[in-house]
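Residue strings, one per chain:
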Amino acid sequence: MNLRAALLLTLLGLPAVLLLAFGPRGAHDVPADRVVLRYWEKWTGVESVPMERIVERFNRTVGADEGIWVEYIAVSNVEKRTLIATAGGDPPDIAGLFDKIIPQFADQGALLPLDQLAVEHEIDLAGLRPIWLEICRYDGRLYALPSTPYTIGLYYNRRLFREAGLDPDQPPRTIAAFDECVRRLTRRDDGGAITQLGFTTSPGMLGWWHWVWPMFFDAQLWDGQRYRLDTPRARAAYDWIAARRDELGRPQLLRFEATAGAIEGMQNPFLAERLAMVFQGPWMSNWIASYAPELDYGVAPFPSVTAERRNVFASSDVFVIPRGARHPREALRFLRYLMRQDVLEELCRLQCKVSPFREPRPDFFAGHPNPDIAVFEQMADSPHAFGYPAMPMFAEVNTELLHLLENVIRGTLPPGQAVTASQQHVDAIVQRYQDMARRREAAP
Amino acid sequence: MSRTRGSLLTGLLWTAPWWLGFLLWLALPLGLSLYISFCDYPLLRPPVFVGAKNYTDLAADPLFARVIANTFLYALLAIPLGTVVAVLLAILLNQPVRGQSIYRACIFVPTIVPLVAVAVVWMWLLNPEFGLVNSALALVGLPGPLWLESPRWAMLALVFVSLWLVGSPVVIYLAGLQDIPLTLYEAARIDGASPLRQFWHVTLPGLSPVILFNVIIGVIASWQVFALPYVMWRTQRGPGNSVYFYTMYLYDNAFQFLKMGYASAMAWVQFLIILALTGLVFRLSRRHVHYRGS
Amino acid sequence: MRTRTALLTHVLLVAVAAAFVLPLVWMVCVSLKPPGEVLANPPRFLPRQPEVDAYREVFRSEHFDFLLYARNTLLIAVLSLVGMLLSSAIAAYGFARMNFPGRRLLFGICLATMMIPFPVIMVPTYMIFKELGWIGTFLPLWVPAWFGSAFNIFLLRQFFRGIPIELEEAARIDGCSQWGCFWRIILPLSKPALAVVALFHTLAVWNDLVGPLIYLAHQEQFTLALGLQFLQSKSGDTPWNQLMAAATLIVLPVIVLFLLAQRTFIRGIATTGIKG
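Calculation notes
Residues numbered from 1 in each chain as written. Chains lettered and ligands numbered in written order. Predicted model: local features only at pLDDT ≥ 70, side-chain atom pairs only at ≥ 80, totals over all residues. Helix = DSSP H or I, 4+ residues; strand = E, 2+ residues; numbered from the N terminus. Buried ≥ 20, exposed ≤ 12 C-beta atoms within 10 Å, placed from the backbone. Contact = placed C-beta atoms within 7 Å. Nonpolar A, V, L, I, M, F, W, Y, C, P; charged D, E, K, R; others polar. Domains from an automatic or database assignment. Pairing = 2+ DSSP bridges. Axes fitted to C-alpha atoms, helices over the stretch in contact; angles between N-to-C directions. Parallel < 35°, antiparallel > 145°, perpendicular 65-115°, else oblique. Left-handed = near helix turned anticlockwise from the far one by under 90°. Core = buried A, V, L, I, M, F, W, Y, C linked by C-beta atoms within 7 Å. pLDDT = per-residue confidence, 0-100.

Caption draft 1: Up close: the overall build of chain C. Each helix and strand in chain C was counted, giving 14 helices and zero strands. In chain C, the order of α-helices and β-strands from amino to carboxyl end is α-α-α-α-α-α-α-α-α-α-α-α-α-α. Considered along the principal axes of its C-alpha atoms, chain C spans approximately 75 × 70 × 30 Å. A burial count over chain C gives 49% of its 276 residues as buried. Taking the contacts inside chain C whose residues are at least 6 apart along the sequence as the reference set, 75% of them involve residues at least 24 apart.

Caption draft 2: Representation of the overall build of chain B within the structure. Counting its secondary structure elements, chain B contains 14 helices and two strands. By principal-axis analysis of the C-alpha atoms, chain B measures approximately 70 × 70 × 30 Å. Expressed as a percentage of the 294 residues in chain B, the buried residues total 45%. If you take every contact in chain B between residues at least 6 apart in sequence, the share linking residues at least 24 apart comes to 67%.

Caption draft 3: Fine view of the interface of chain A and chain C. Listed as interface residues are 43 residues of chain A and, on the opposing side, 41 residues of chain C. Counting only elements with at least two residues in the side of chain A that touches chain C, the list comes to helix 1 (3-22), strand 2 (68-74), helix 4 (78-87) and helix 12 (284-291) of chain A. If you tally residues by element for the side of chain A that touches chain C, the top one is helix 1 of chain A, at eight residues. For the side of chain A that touches chain C, the residue count by class is 22 nonpolar, 14 polar and seven charged.

Caption draft 4: A look at the domain arrangement of chain C. All names here are of chain C. Once the domains are mapped, chain C shows domain 1 (1-51) and domain 2 (64-272). Relative placement of domain 1 and domain 2: their C-alpha centres are 32 Å apart. Mapped by element, the contributors of at least two residues to the side of domain 1 that touches domain 2 are helix 1 (2-31) and helix 2 (35-38). No other element matches helix 1, which puts four residues into the side of domain 1 that touches domain 2. Of the residues in the side of domain 1 that touches domain 2, the class split is five nonpolar, one polar and one charged.

Caption draft 5: Fine view of the sheet that holds strand 10 (residues 277-280) of chain A. Residues and elements named next belong to chain A. Taken in spatial order, the three strands line up as 10-7-11 in an open sheet, and their pairing is antiparallel. The open sheet is flanked by strand 10 and strand 11 (297-300), the only strands paired with a single partner. Neighbour-to-neighbour, the strand axes of this sheet turn through a mean angle of 25°, independent of strand direction. Two elements, strand 7 (residues 153-157) and strand 11, share four bridges in a ladder whose sense is antiparallel.

Caption draft 6: Main features of the packing of helix 4 (residues 66-97) of chain C against helix 8 (residues 150-161) of chain C. Residues and elements named next belong to chain C. Contact pair helix 4 / helix 8: the axes reach a minimum separation of 8 Å and the direction vectors enclose 55°. Judged on the interaxial angle alone, helix 8 and helix 4 are oblique. In the packing of helix 4 onto helix 8, the handedness of the crossing is right-handed. Of the residues in helix 8, those in contact with Met-84, Ser-88, Ala-89, Ala-91, Ala-92, Tyr-93, Phe-95, Ala-96 and Arg-97 of helix 4 are Asn-152, Ile-153, Leu-156, Arg-157, Phe-160 and Arg-161. By residue class, the composition of the contact of helix 4 with helix 8 is 10 nonpolar, two polar and three charged.

Caption draft 7: Representation of the nonpolar core in the model. Counting residues in each nonpolar core, the largest one holds 301 residues, and the members touching the most others are Tyr143(A), Phe334(A), Val170(B), Ala246(C) and Ala247(C). Among the elements that take part in this core, helix 14 (residues 240-272) of chain C stands out by supplying 17 residues, more than any other. Apart from the residues lying within four places of it in its own chain, the contact partners of Phe334(A) are Leu37(A), Phe58(A), Ile68(A), Val70(A) and Ile94(A).

Caption draft 8: Seen up close, the packing of helix 2 (residues 16-36) of chain B against helix 6 (residues 119-131) of chain C. Where helix 2 of chain B contacts helix 6 of chain C, the axes come no closer than 9 Å and their chain directions differ by 125°. Looking at the two axes, helix 2 of chain B sits oblique to helix 6 of chain C. The interaxial crossing formed by helix 2 of chain B with helix 6 of chain C has right-handed handedness. On helix 6 of chain C, the residues touching Trp25(B), Leu28(B), Pro29(B), Leu30(B), Leu32(B) and Ser33(B) of helix 2 of chain B are Val120(C), Ile121(C), Pro124(C), Thr125(C) and Ile128(C). Here the contact of helix 2 of chain B with helix 6 of chain C is built from residues that sort into nine nonpolar, two polar and no charged.

Caption draft 9: Quick peek at the environment of Ile102(A). Residues and elements named next belong to chain A. Secondary-structure assignment places Ile-102 in helix 5 (residues 102-107). Given 26 C-beta atoms within 10 Å, Ile-102 falls into the buried group. Not counting residues within four places of it along the chain, the set of residues in contact with Ile-102 comprises Cys-136, Tyr-138, Tyr-143, Ala-144 and Val-318.

Caption draft 10: Representation of the interface of chain C and chain B within the structure. Taken together, the contacts link 69 residues of chain C with 76 residues of chain B. Residue assignment for the side of chain C that touches chain B shows that the elements contributing at least two residues are helix 1, helix 4, helix 5 (103-112), helix 6, helix 11 (191-207), helix 13 (224-230) and helix 14 of chain C. In terms of residue count, the dominant contributor to the side of chain C that touches chain B is helix 14 of chain C (14 residues). Here the residues of the side of chain C that touches chain B sort into 54 nonpolar, 12 polar and three charged.

Caption draft 11: Seen up close, the environment of Tyr41(B). All names here are of chain B. Within the secondary structure, Tyr-41 sits in the loop between strand 1 (39-40) and strand 2 (48-49). Here the alpha-carbon distance between Tyr-41 and Lys-259, two residues 218 residues apart in the chain, equals 6.1 Å. For Tyr-41, the residues in contact, after removing those within four places along its chain, are Ile-36, Pro-47, Met-260 and Gly-261.

Caption draft 12: Inspection of helix 4 of chain A at higher detail. A large share of helix 4 of chain A lies buried, amounting to eight of its 10 residues. Looking only at helix 4 of chain A, the buried set comprises Val78(A), Arg81(A), Thr82(A), Leu83(A), Ile84(A), Ala85(A), Thr86(A) and Ala87(A). The secondary structure elements touched by the buried residues of helix 4 of chain A are strand 1 (35-41) and strand 3 (94-98) of chain A, helix 13 (246-255) of chain B together with helix 6 and helix 12 (210-215) of chain C. Downstream of helix 4 of chain A by a residue or two, Gly89(A) has a phi angle that is positive, lying close to 75°.

Caption draft 13: Spatial organisation of the pairing of strand 2 of chain A. Residue and element names in this part refer to chain A. Burial along strand 2 is one-sided: Ile-68, Val-70, Tyr-72 and Ala-74 are buried, and none of Trp-69, Glu-71 and Ile-73, which face the opposite way, are. The pairing of strand 1 with strand 2 spans seven bridges and is classified as parallel. Within the sheet, the bridge partner assigned to Val-36 lies in strand 2 and is Trp-69.

Caption draft 14: Structural detail: helix 11 (residues 250-259) of chain A. All names here are of chain A. Those residues of helix 11 not exposed but buried are Leu-253, Leu-254, Phe-256, Glu-257, Ala-258 and Thr-259. On its buried face, helix 11 sits against strand 9 (194-196) and helix 10 (232-248). Residue Gly-261 follows helix 11 closely and has a positive phi angle near 95°.

Caption draft 15: Region of the structure containing unusual backbone geometry. In this model, Asp139(A) sits at a positive phi of 55°, which is unusual for a non-glycine residue. If you trace the backbone, Asp139(A) turns up in the loop between strand 4 (137-138) and strand 5 (141-142). One non-glycine residue, Gln236(B), lies in positive phi territory at about 65°. Along the chain, the position of Gln236(B) falls in the loop between helix 12 (227-232) and helix 13.

Caption draft 16: Molecular detail of the confidence of the model for chain C. All names here are of chain C. Here chain C averages 86 in pLDDT, while 96% of its residues score no lower than 70. Mean pLDDT values over the elements of chain C span from 79, in helix 2, up to 94, in helix 7 (residues 139-142). Reported confidence for the predicted complex is 0.92 by ipTM and 0.92 by pTM.

Caption draft 17: Looking closely at the confidence of the model for chain B. Of all residues in chain B, 97% attain a pLDDT of 70 or more, and the chain-wide mean is 89. Contacts of residues 1-5 of chain B to residues separated by more than four positions or lying in other chains number eight contacts, the stretch itself having pLDDT below 50.

And the structure:
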């Protein structure tokens, strides 16, 4: 045996054998006398801790009484995994998904409708704020229950506001006032390059909600038949984005956006005080607390085109019971436990989200990691809070909307033309889906 | 014909591991996918037969045309560049110098780095402001592009990353180089051939079958590019769909838009395209590939 | 002249190697930074004060159990590797030496299967494994390997065809069976080629994400690649230093393997005769 082989054996072979022989083994024990409930959830790592704790408590108390054992299974890519498992006839009993997926799954009959079942199992829904139930409905029926809801607000840097001669206690309420803030909060170096930016809608910096901007111009996007981009209000939003780009300079903006880092990425430009305002959810206070505790910031609702109508984007993580789940009854018992105000609010608080209840208990605010959580709560109260469009083909439409935003941001097309072109593509997507639904109806 | 056993039975017996596996794990899914390509199939409901509709829809789908164009462009950039770089690297790594195994490891190791890490590392390298690539360009007085955020450069950025991941072909080329008989070089030297001529008349012909092999693997791989753009671009398709590739669109159709019928039609078209391209490469290569002993 | 060329080669090699390794150095640097510094904008290359907390986390945290995931990955790799080598070699021998009717067609189909895009057969495949009751076990991840893979069969067939057939003929005259020829002559002669197949297969298992994602049900079963995905947060608060630490640890054994065995691998590939 030569030296290399000997080294190879000692450095790799031996550890491998030792690891196989004595390495840790995944222990997996469930009590024999209980019904095992498989609960798939997207939260992993530190994020999963609050829910794991709740599951553990349920298993110890209510679960023990009712003979139910909930198994918390963290699943990455949970929508896809749930989709494949449901298609394969082997779904979990409960899945924690995102609200935007409800119409798509519900329209394919993949989710158990919960209206009747909730009543039968005495799950109290009356205490929930209506917007959160509305988000869980599709076509008039309830297909999910809210787990950790959130509204998205405007985080603004108070220090930069003061520096720009703006009153940090008067965040902008209208788009016009907002534009003025953006103008004054944007700074350049001698060469004209942007060193500090007021705000951006660039999907490269914030990849999540690129479809949302027309809503702040009071647009009605989905009317049940058509996704309408070509209304004056929706057009106004894209004209607004294009006008801001023209005003601040497209090449300079693109360069800044390509360099300053993404908001959910490794280099967060808001924390680095290079971006003065961002559109984000309540959890961002966690990042600020960990990485930029000195940051002087405030939170306000995102401005709308008028001061009177307060448009608020509301969204939620949700619980669903997939069709074909083996233990729907037990799943509902567990849901009933989860929907108790003390339990659910504990989860929402630890996840740094808002409470889904009309009247959150005082300790919800007291112990909440986000000091501005009340602002997010109030936003959810707005009569003009809106969620994702309740359309089953939204995933595909959304990709076209991303394309539209990019066209407007880069100026590939004038905003008017870009909207018209995207309207045609969106219509075709919707049309194809409706044709497919019709063929499905006609099929034996 | 006494040299080989002629019986069908023994032949089938020996090749049984493969064809049993094929029948067990592949034949059924493949047959199903062919059938499904003629159906509406939203995964969560049973398929509904629609004839050739998915195929005719594909022909009229502008995004489908776009991903085909992107995929071809990527293949046209990445395969030739990758081949040149890999062959040159292999020649360099084949020089008899000390510590060669360390150099070889340096080139090979990037191929095994988890993709998430690859993506993060390259997002940093290609940052237009403080990334090392643009800093290096600035040193020689060139203005650096925006790379990932530029519709024009995003594709090239991806090609760069693919060059960094060139380790496996390099290893195969290294093997090919070691297989070229030294006598051929000696003969060339006696004839007074310069190193360049030796490369041209000995190395390249000797390496040509390996190049063919790698090009074919490259063609197949380029039509299956998928994970890297997904993790490198926040929009998962790059600015203006510039790095949106065939398999990515197929995957989106299947698991995001729940159009499995459409995705299956795409898969069969893809299969035919790869088959045709491979055939084309073989045909084109016939005159340039030199098999020893023939 | 000689020394000058050698020097030039060295300089070139160092430059090229440095260019290839630099991104990896950065990866390691991130793994040695505290979380706050990772997020610094603009980022610094070297950590101010290197610390190994991220590595400690990766070994000890209840959300990422490096040793457990490594053991799972290894288990799958070993179980599948044995079958992969054996079955690919047997089938390759059949394609290389048997001259039965339909061989060309069968081999053509075998090669064509390399070109199948995986997403479309994913759901039917899942259903098959579900019918077998294998979901949530390691079985779907290693049993199919016992039926060979087209790429490896192709590689080995090329190699076997390069072995002079006279060896086998002599053995057969001495009364050796076909299986005996394969087992006692072909396999021992094919060690380098088998090493290559083993390397490529192990790397594929090491990096496979889709299989474990779809078929495994519990966190105790996770492989390294899948566990790594779990370090990425859903709400943007990913512990990058831990992610990079885990990535570094995943890469490390392969570096050692390659450093020590590259000569064998390259010789192995050289003799597989990809030349057709």
